[in-house]
Amino acid sequence: MSRASVELDFFGMEKRISANSRFPKFLHRQRSFRDIQSAISKINPQLLKSVIASGSANQQTPENGHQLDSKKSFSVPSTPKEELNPFPPLPVYSPLQRPALENPPQTAPLTIFYNGTVAVFDVPRDKAETILKLAQNGISKFVESTNQKQLLGTLDGDLPIARRKSLQMFLEKRKERLTSVSPYACKSVCRL
Amino acid sequence: MEEENQNSKSNRTNCSSSMSDVVLGCVMPYIHDPRDRDAVSLVCRRWYELDALTRKHITIAFCYTTSPDRLRRRFKHLESLKLKGKPRAAMFNLIPEDWGGFVTPWVNEIAESFNCLKSLHFRRMIVTDSDLEVLAKSRGRVLQVFKLDKCSGFSTDGLLHVGRLCRQLRTLFLEESSILEKDGYWLHELALNNTVLETLNLYMTDLNKVRFEDLELIAKNCRNLVSVKISDCEILDLVRFFHTAAALEEFCGGSFNDMPDKYSAVTFPQKLCRLGLTYMGKNEMPIVFPFASLLKKLDLLYALLDTEDHCLLIQKCFNLEVLETRNVIGDRGLEVLASSCRRLKRLRIELGADAQGMEDEEGVVSQRGLIALAQGCLELEYMAVYVSDITNVALEHIGAHLRNLNDFRLVLLDREERITDLPLDNGVRSLLRQCKKLRRFALYLRPGGLTDVGLGYIGQYSINVRWMLLRYVGESDEGLLEFSKGCPSLQKLEMRGCCFTESALARAVMQLTSLRYLWVQGYRASSSNPGRDLSAMVRPFWNIELIPPRKVVVVNQVGEDVVVEQPAHILAYYSLAGPRTDFPNSVVPLDLVGLVAT
C-alpha cells in the first residue's frame, strides 16, 4: 500500500500552482480559515475521488508544498508517519455544527485522516455518504476505472448521454408549466 | 413483336437474356426494393437505362455522397426523392447548426429538370425561405407530398408560398423542424387553397400562432383528412375541429390548460386509433378510456403521467401496436404492457427528466421490465429503451423470444453507480445470434459494459445489421479490430466514447467491407498531430472530415446552463461528388494527403 497523501496548503506554501489548475487562488495566506473551508466545500466530490485515487496511485512522499503530479491536489504541511492510518472502518459521521460558519444548511464537516494528514471538507450528507461508500467498497477497483477515465482524457465528463432535442424542449416547457405562478397562464397564449 | 425481339437482341451485346425490352418494361415497374433495382441496373447497359427510366423513388442517405447534377443525369423522370443531410447526432444537439446539408443546389436542380417529381422529403437539412419560394413556384402545381423533417433555416414566410401555391398537397410534414414563426397566415392560405390534404404534421415545431379556426376550415374542406399533428393548442378549442374531421384516424398535440372536468365534453372522431395528447395528466386521462381498446398507436412522450397512470391506461389498450413513452413507465408499466398488449410491434422508451422530483421515483426500467416484455410481446419488431440497470439474462430472454426484432437499441443510463451484471458479452452474443432479422442495432454502455471479447461477438454475430450506434464498448484497439473482421452488412457506423486510437479506427474502416459512412465522437486522438493517424483510411472516393472540439452551452441535470467542451468528431463517407465545397467555419476537411506527404 502506498504512502499517499491528501494535503491542504493552509499556509499558502505552494506557490507553484499550475497554470491549468482549476482552483481559485484561495491558497493565499491572508485568507481566513473560514474562507478556505467554504472554498473547499465547493469542490466537486468527483474531484475528491480522483484525488484519493491518484494519491494512492502516485506513491509520492508528502512534503511541504510538494506538488503532486495530478493537477487536482492540495497540500498541507505535516509530519508523515511511518505507519499508515487507514480510513475509519465505519462511516462515523459527526454532525458537529460549528458556530458562525457561513455554511449552507444541510452540510457538515467531513474529516479525513490519512497517513498522518488531515483534511476537512464541508459537504452535504449525500455527498459524504458517496465518498465514504467509495472508500469502503474498494479503492483498487476505483483506481482502475479512474485510470481508464484518465486514459480517455476528459471523455467521461464530455460525453454524457445526449438527450433528444424534442424531449429536451418538452422537459423545459414542463418545468415552466409546473413552476409558473398561475398553472393556467398558457391559456391566453393558445387562444387568439 | 418478332422483329422487335430481333432488333433488341442485336442491340444488346452483354445481355444473355432473351427477354425483349417491352417485356422488361412491363416487369420493371413491379420491382420496388432499391437493392433489387440496384442489382437490375448492374446486369447490362440496357437494363441500367431501363431502370433509370422507370425508377420511381430514390433515397440519398447522405446528401454529400452525390450531386444534383448526377441525379438528374441518371434519374431524370424521378417521382419521389428523399434526401438526408446532417449526421443523426444533430437530433441530440451535437452538430453545429450551420454544419451543412443545404437544400439550395438540390432545389435549383429540381426546379429546372425534375418534371415528374411529386414527392419530396428533406431530413435534417438547411432550408431557406427562398428555397421554399423557388420550389413552390416551380413544382407547386404537381407536388403531392412535401416533408421538411427536422429541418431548419426557414420561417413562416416561406411556408406562405407553400400554402398558396401547393394546392395538390396530400401531405405536409414539418415535424421537429426549427421554424421562425412570424404569424399563422400560411395555414390560413393552406386552408383556403387545398381540398385534398390527408396528412398535416406540425408536431414539435412550436408553431403556436396557427389558428384553430383554420384547422376547422381544413377539416371542412379536406374530406380525406386522416392525420393531424399540431403544436400546443388548447384542446377545448378543437372540439369543433374534432366534430368536423370525420375521417380522422390520427391526432397528436394540443394541450390541457383548463379544469379537468371541462374535458369530459370532448368527443373524438370515430375512427381515431392513433393518439398522443401533449400535457395530458392523470385527471384528463379518462377522456381516452371510451376508445382505448381501439387504439393502435399511443404517444405518451409528452404527457404528464406517472407509473400508476401508465398502468391504468395501458391495461385498457389491448389492441396497441405502437407505444412511445418515457421511462416513467417503469418496470411495473412494462409488466402491464406485456400482459395486456400482445400485439405490440413497436416500443420506444425515451429518457425522462433526471432531476429530483420531476419524474416518478418508480419510473425506472431495468431487466425486470425487459424480461416481462420479452415473454409477453412476442411480435415486437422495434425496441428502443433507456434502462437504469441490466443483466445478461434479460438480453438472453430477448434473443430467445423476440425473433421478429429488426431494430434494437439499448441505452444504459449513467445514474446508478453499480450495474447488476456487467459486462454484457454473453447477453449480447445471445441476442444477436438469435435475432437473425436484426438490421439496426444500438448499444450505449459505460466503461466495463462490454469487453473486447464482447465487441468481437458483435462483429461475429451481426450478420444482417446495416446500421450500428455504439458507446463505450470494448476495452482496446484489439476489440475494434476483431469487431471489424465481421459485420459483413454494416454500412453505417456511429460511435461515441471509444477508447480506440485513430490508427485502429482507420484500420477498422478498411476491414469493414460494406462500410460507406462513419461517424465518431470521442476517441483517442493522436496527441502530436490530430488526424494524422487516420491516414490508413485514405483512399479514392472516401471523404474525411473533422468537426473540431468546441464549447457548447447545455442544460445540465439541475436545469442550469453549463458550458461543456464537446470533443472532436470524425465523419468519413464514400462520395462520387468529391470533397465538400460548402464548409462552414465549424468543420474542417482533413487534408490527409497533404499530411502524409509532409
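About the thresholds
- Residue positions are counted from 1 within each chain, in the order its sequence is given.
- A letter from A marks each chain and a number from 1 marks each ligand, given out in the order of writing.
- The predicted nature of this model means local features are confined to residues of pLDDT at least 70 and side-chain atom pairs, given and counted, to a pLDDT of 80 or more, with totals for whole chains, interfaces and linings taken over all residues.
- Side-chain measures were taken over the full set of non-hydrogen atoms in the model, leaving aside hydrogen atoms and water.
- UniProt positions are given in the numbering used here, feature names are shortened, and annotations may be inferred rather than shown by experiment.
- Strands here mean DSSP runs of E at least two residues long; helices mean DSSP runs of H or I at least four residues long; both are numbered from the N terminus.
- The quantity called the radius of gyration is restricted to C-alpha atoms. Its globule counterpart is 2.2 Å times the number of residues to the power 0.38.
- Burial classification: accessible surface area is computed with a 1.4 Å probe over protein chains only, and a residue below 20% of its type maximum counts as buried, one above 50% as exposed, and the rest as partly exposed.
- Shrake-Rupley sampling with a 1.4 Å probe provides the accessible areas, and residues are treated as covered by the protein chains on show and by no other component.
- In this tally, Lys and Arg are treated as positive and Asp and Glu as negative; His is ignored, and so are the chain termini.
- For the purpose of locating charges, the reference atoms are NZ of Lys, CZ of Arg, CG of Asp and CD of Glu.
- When checking whether two residues touch, look at their non-hydrogen atoms; a contact exists if any pair is within 4.5 Å.
- Between N-to-C directions, angles span 0 to 180 degrees; the directions come from axes that are lines fitted to C-alpha atoms, helices contributing only their stretch in contact.
- Orientation categories follow fixed angle ranges, with anything under 35 degrees roughly parallel, anything over 145 roughly antiparallel, 65 to 115 roughly perpendicular, and all other angles oblique.
- The sense of a crossing depends on the near helix, which, turned anticlockwise from the far helix by less than a right angle, makes the crossing left-handed and, turned clockwise, makes it right-handed.
- Following the grouping adopted for this structure description, the nonpolar residues are Ala, Val, Leu, Ile, Met, Phe, Trp, Tyr, Cys and Pro, the charged ones are Asp, Glu, Lys and Arg, and the polar ones are all others, Gly among them.
- A residue's pLDDT is the predictor's confidence in that residue, given on a scale from 0 to 100.
- Residues qualify for a patch when their relative accessible area is over 30% and they have no salt bridge, like charges being joined within 9 Å and the nonpolar side chains of Val, Leu, Ile, Met, Phe, Trp and Tyr within 5 Å.
- Any carboxyl oxygen of Asp or Glu that lies within 4 Å of a side-chain nitrogen of Lys or Arg is treated as forming a salt bridge with it.
- Residues enter a nonpolar core if they are buried and are Ala, Val, Leu, Ile, Met, Phe, Trp, Tyr or Cys, with the set joined through side-chain atoms within 4.5 Å.
- Stacked, edge-to-face and tilted labels apply to pairs of Phe, Tyr and Trp rings (six-membered ring for Trp) whose centres lie within 6.5 Å, assigned for plane angles under 30 degrees, over 60, and everything in between, in that order.
- If DSSP finds at least two bridges between two strands, the strands pair.

Chain B appears in an unreviewed UniProt entry as Coronatine-insensitive protein 1 from Hevea brasiliensis.

The name given to chain A in an unreviewed UniProt entry is Protein TIFY, with the source organism recorded as Hevea brasiliensis. UniProt, in its Sequence similarities (unreviewed entry) section for chain A, records the words "Belongs to the TIFY/JAZ family." The UniProt entry for chain A carries this comment under Function (unreviewed entry): "Repressor of jasmonate responses."

What follows covers the overall build of chain B. The number of helices and strands found in chain B is 20 helices and 25 strands. In summary, chain B has a C-alpha radius of gyration of 26 Å against a globular reference of 25 Å for 598 residues, a match within 12%. Principal-axis analysis of the C-alpha atoms places the extent of chain B at approximately 75 × 60 × 50 Å. Looking at chain B residue by residue over its 598 residues, the buried ones come to 58%. For chain B, the computed accessible surface area is about 24,500 Å², with 50% contributed by carbon and sulfur atoms. When the 74 basic and 76 acidic side-chain charges of chain B are each reduced to a single mean position, those positions are 6 Å apart.

The subject of this paragraph is the overall build of chain A. Each helix and strand in chain A was counted, giving seven helices and two strands. Element order for chain A, N to C, with α for helix and β for strand: α-α-β-β-α-α-α-α-α. Going through the 192 residues of chain A one by one, you find that 40% of them count as buried. Across chain A, the fraction of contacts at a sequence separation of at least 24, relative to all contacts at a separation of at least 6, is 64%. For chain A, the exposed surface amounts to about 11,700 Å²; the carbon and sulfur share of it is 56%.

This part takes up the packing of helix 14 (residues 367–376) of chain B against helix 15 (residues 392–401) of chain B. Residues and elements named next belong to chain B. For the pair helix 14 and helix 15, interaxial distance at closest approach is 9 Å and the crossing angle is 10 degrees. In terms of their interaxial angle, helix 14 and helix 15 are classed as roughly parallel. Viewed along their axes, helix 14 and helix 15 form a crossing whose handedness is left-handed. Seen from helix 14, the contacting residues are Gln367, Leu370, Ile371, Ala374 and Gln375; seen from helix 15, they are Val393, Ala394, His397, Ile398 and His401. The residue makeup of the contact of helix 14 with helix 15, split by class, is six nonpolar, four polar and no charged.

Residues and elements named next belong to chain A. With 28% of its residues at a pLDDT of 70 or more, chain A has an overall mean of 55. For chain A, per-element mean pLDDT is lowest for helix 7 (residues 187–190), which scores 40, and highest for helix 6 (residues 165–179), which scores 88. For residues 1–31, every residue scores under 50 in pLDDT, and the model assigns this stretch 73 contacts once sequence neighbours within four places are set aside. Of the regions scoring below 50 in pLDDT, residues 140–157 engages in 21 contacts with residues more than four places distant in sequence or in other chains.

Another aspect to go through is the packing of helix 3 (residues 34–41) of chain B against helix 4 (residues 45–54) of chain B. Residue and element names in this part refer to chain B. Look at helix 3 against helix 4: their axes get within 7 Å of each other, and the N-to-C directions meet at 145 degrees. Two secondary-structure elements touch here, helix 3 through Arg37, Val40 and Ser41 and helix 4 through Trp47, Tyr48, Asp51 and Thr54. Per-class residue counts for the contact of helix 3 with helix 4 are three nonpolar, two polar and two charged.

Our next topic: unusual backbone geometry. Residues and elements named next belong to chain B. Backbone torsion omega between Leu422 and Pro423 reads 0 degrees, so that peptide bond is classified as cis. The phi dihedral of Tyr472 falls on the positive side, at around 50 degrees, and the residue is not glycine. Within the secondary structure, Tyr472 is located in the loop between strand 18 (467–471) and helix 18 (477–483). Its relative accessible area of 5% is what places Tyr472 among the buried residues.

A word on the UniProt feature "domain: Transport inhibitor response" (unreviewed entry) in chain B. Feature annotation in UniProt places "domain: Transport inhibitor response" (unreviewed entry) on residues 77–122 of chain B, given in this structure's numbering. Helix and strand shares over residues 77–122 of chain B are 22% and 20% respectively, and the end C-alpha atoms of the span are 19 Å apart.

Let us look at a nonpolar patch on the surface. A cluster of nonpolar side chains, Val22(B), Val23(B) and Val27(B), forms an exposed patch at the surface whose accessible area comes to about 190 Å². Locating Val22(B) in the fold gives a position in helix 2 (residues 21–27).

Right, let's talk about the nonpolar core for a bit. Ranked by size, the top nonpolar core spans 184 residues in total, and within it Phe122(B), Phe146(B), Phe241(B), Phe251(B), Ile458(B) and Phe483(B) carry the most contacts. At five residues, the largest contribution of residues to this core is made by helix 19 (residues 502–511) of chain B. For Ile458(B), the contacting residues outside a window of four places in its chain are Val428(B), Leu432(B), Phe441(B), Leu443(B), Leu450(B), Met468(B), Leu470(B), Phe483(B) and Cys487(B). In this structure, Leu167(A), Met204(B), Cys252(B) and Ala353(B) belong to the second largest nonpolar core, which totals ten residues.

Listed in full, the buried residues belonging to helix 16 (residues 425–434) of chain B are Asp425(B), Gly427(B), Val428(B), Ser430(B), Leu431(B) and Leu432(B). Next to the buried residues of helix 16 of chain B lie helix 15, strand 16 (407–412), strand 17 (440–444) and helix 17 (452–461) of chain B.

With that settled, consider the packing of aromatic side chains. For the coordinates displayed, the defined rule picks out 17 aromatic pairs over all chains. Pairing Phe170(A) with Tyr279(B) gives two aromatic rings, centres 6.0 Å apart and planes at 25 degrees, and the pair type is stacked. You can see Phe170(A) sitting in helix 6 and its partner Tyr279(B) sitting in the loop between strand 11 (274–277) and strand 12 (297–299), one on each of two chains. Here Phe170(A) and Tyr279(B) have matching classes, each one buried. Consider the rings of Phe408(B) and Phe441(B), whose centres lie 6.4 Å apart with planes at 20 degrees: the pair is stacked. Here Phe408(B) is found in strand 16, whereas its partner Phe441(B) is found in strand 17, with 33 residues between them in sequence. Note on accessibility: Phe408(B) and Phe441(B) belong to one class, buried.

Further remarks concern the pairing of strand 2 (residues 117–124) of chain A. Residue and element names in this part refer to chain A. Within strand 2, six of the eight residues are buried, which leaves the element mostly enclosed by the surrounding structure. For strand 1 (residues 107–114) and strand 2, the ladder comprises eight bridges, and the chain directions are antiparallel. Opposite Ile112, over in strand 2, you have Ala119 as the bridge partner. Hairpin connection between strand 1 and strand 2: a loop of two residues separates the two successive antiparallel strands, and Asn115 in this loop has a positive phi of roughly 55 degrees.

With that settled, the discussion passes to the side chain of Ser340(B). Residues and elements named next belong to chain B. Tracing the chain through its elements places Ser340 in helix 13 (residues 330–340). The class for Ser340 is buried, based on a relative accessible area of 13%. Every residue in contact with Ser340, bar those within four places of it in the chain, is listed here: Ile314, Gln315 and Phe318.

The next point concerns the pattern of salt bridges. One pass over the full model with this rule turns up 41 salt bridges over all chains. Note that Arg125(A) and Glu129(A) form a salt bridge whose closest N and O atoms lie 2.7 Å from each other. Linking Arg125(A) with Glu129(A), this pair stays in helix 3 (residues 125–137), spanning four residues, or about one helical turn. With relative accessibility at 48%, the residue Arg125(A) sits in the partly exposed group. On the accessibility criterion, Glu129(A) (40% relative accessible area) is partly exposed. A salt bridge links Glu97(B) to Lys86(B); the shortest N-O distance between them is 3.3 Å. Here Glu97(B), found in the loop between strand 2 (80–84) and helix 6 (104–113), pairs with Lys86(B), found in the loop between strand 2 and helix 6; they are eleven residues apart in sequence, far enough to count as distant. For Glu97(B), a relative accessible area of 44% translates into the label partly exposed.

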